[in-house]
Amino acid sequence: MIADDLVAAAGSPGAVVHVRDDGRVQEAASGFADPATRTPMRVDHRFRIASITKTFTAAITLQLVRERRLALRDTLGKLLPGVLPGADRVTVEQLLTHTSGIPDYLTDSRFMDTIVDGGMHTRDWPPRELLGYGGRPGKSGVNRYSNGNFILLGLVIEKVTGQSYAEALRERVTEPLRLRDTELPRDLRPPGLAAGRQGDGPGATVVSSSIFWSAGGLVSTARDVGTFYEALFGGKRAASGGETPDGAPRRLPEGTALKRADGLGVFADRLPCGIRVWNHSGMIYGYSGIAMSSEDGRRQVVVQLNSPAAGQAIATAGKLMCR
């Protein structure tokens, strides 16, 4: 019922709702994965999860910190000298907390004109080329959300591990947790992807994930995202060494580090019912959603839409968390 209500309220072709309560899973799908073909939405359809990707990137970064291969105080001048003019003193922690002053290339009108009007949404975009948009870094220490921060963290991960971002993701997160439907796709339309709707604009479904890369390029299912958030924040159940039915470990100890202050790769919010949650939402061409965990880690909620109605997704997740 709540998935049906969400589709109606959001004006979305379809929706998937996923709730985990002490590891017990309830899921529902509503509407269409592809209205043009009248394909019903299923709970195993994949979505572009947009900025929820940032929690994955933050978790990998903090794994490297735990392994002492990286420190939060390390600077770009040390790790990636000259990668962005004026940013050598920016630290890894500032990137994670959006306090670096690094501009957001996705708010640069030149970039968006190139993508939308120039028809460049299907070409491959190297990360350093993305950083060429947005202008010079501003004053650090001021909270300013920027996708550029997490593009830089992707480059840091590659530098420290000697792997591609996609390889590090697979080795450190998706394979250990058996997240079989989560990837940084090379295909312009990955298999199992629900068709995104973005008004009459181009590229709602067929888009190069390189545009968003380590800041927002992943595709996944609601179930995979829920599994990931439970592994990070799953409280006593995760800490006890519990396993998934197919033997995957539940726990990612980086969840403790993610919850510092206002969060590293996640945000802290208190819902109207009084529950404090850790969460990250996302919105991208034709898709939106949110992943949310209660502070005690006992409950996770994931809502995904194949339309850019993030506000409705967030409101629905909050209601489900408060039940």
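As a reminder, the structure under discussion sits directly above these lines.
We now turn to the structure provided with this report. None of these values were measured; they are calculated from a predicted model.

Bringing unusual backbone geometry into the picture now. A negative phi angle is the norm for most residues apart from glycine, just as the trans form is the norm for most peptide bonds. Phi angles above zero are rare outside glycine, and Ala-50 is one such case at about 55 degrees. Relative to the helices and strands, Ala-50 is located in the loop between strand 4 (47–48) and helix 2 (53–66). Take Ala-50: its relative accessible area is 2%, and that puts it in the buried class. The phi dihedral of His-98 falls on the positive side, at around 55 degrees, and the residue is not glycine. Topologically, His-98 is positioned in the loop between helix 4 (92–96) and helix 5 (109–117).

Another aspect to go through is the state of the cysteines. Going through the model one piece at a time under the given rule, you end up with one disulfide. At a sulfur-sulfur separation of 2.0 Å, the disulfide partner of Cys-273 is Cys-322. The sign of the -75 degrees torsion about the S-S bond sets the Cys-273-Cys-322 disulfide as left-handed. Of the two residues, Cys-273 sits in the loop between strand 6 (267–270) and strand 7 (276–284) while Cys-322 sits in helix 13 (residues 310–322), which places them 49 residues apart along the sequence.

On to the pattern of salt bridges. For the structure on display, the rule yields 14 salt bridges. With its nearest N and O atoms 3.8 Å apart, the salt bridge here joins Arg-189 to Asp-34. Note that Arg-189 is positioned in the loop between helix 8 (165–174) and helix 9 (213–216) and Asp-34 in strand 2 (residues 24–34), a separation of 155 residues in sequence. Measuring nitrogen to oxygen at the nearest pair gives 3.7 Å for the salt bridge that ties Arg-69 to Glu-67. Through salt bridges with shared partners, a single network forms among Glu-67, Arg-69 and Arg-172.

The rules we used
- Residues numbered from 1 in each chain as written.
- Predicted model: local features only at pLDDT ≥ 70, side-chain atom pairs only at ≥ 80, totals over all residues.
- Heavy atoms only, no water.
- Helix = DSSP H or I, 4+ residues; strand = E, 2+ residues; numbered from the N terminus.
- Buried < 20%, exposed > 50% of the residue type's maximum accessible area, 1.4 Å probe, protein only.
- Disulfide = S-S within 2.5 Å.
- Salt bridge = Lys/Arg side-chain N within 4 Å of Asp/Glu carboxyl O.

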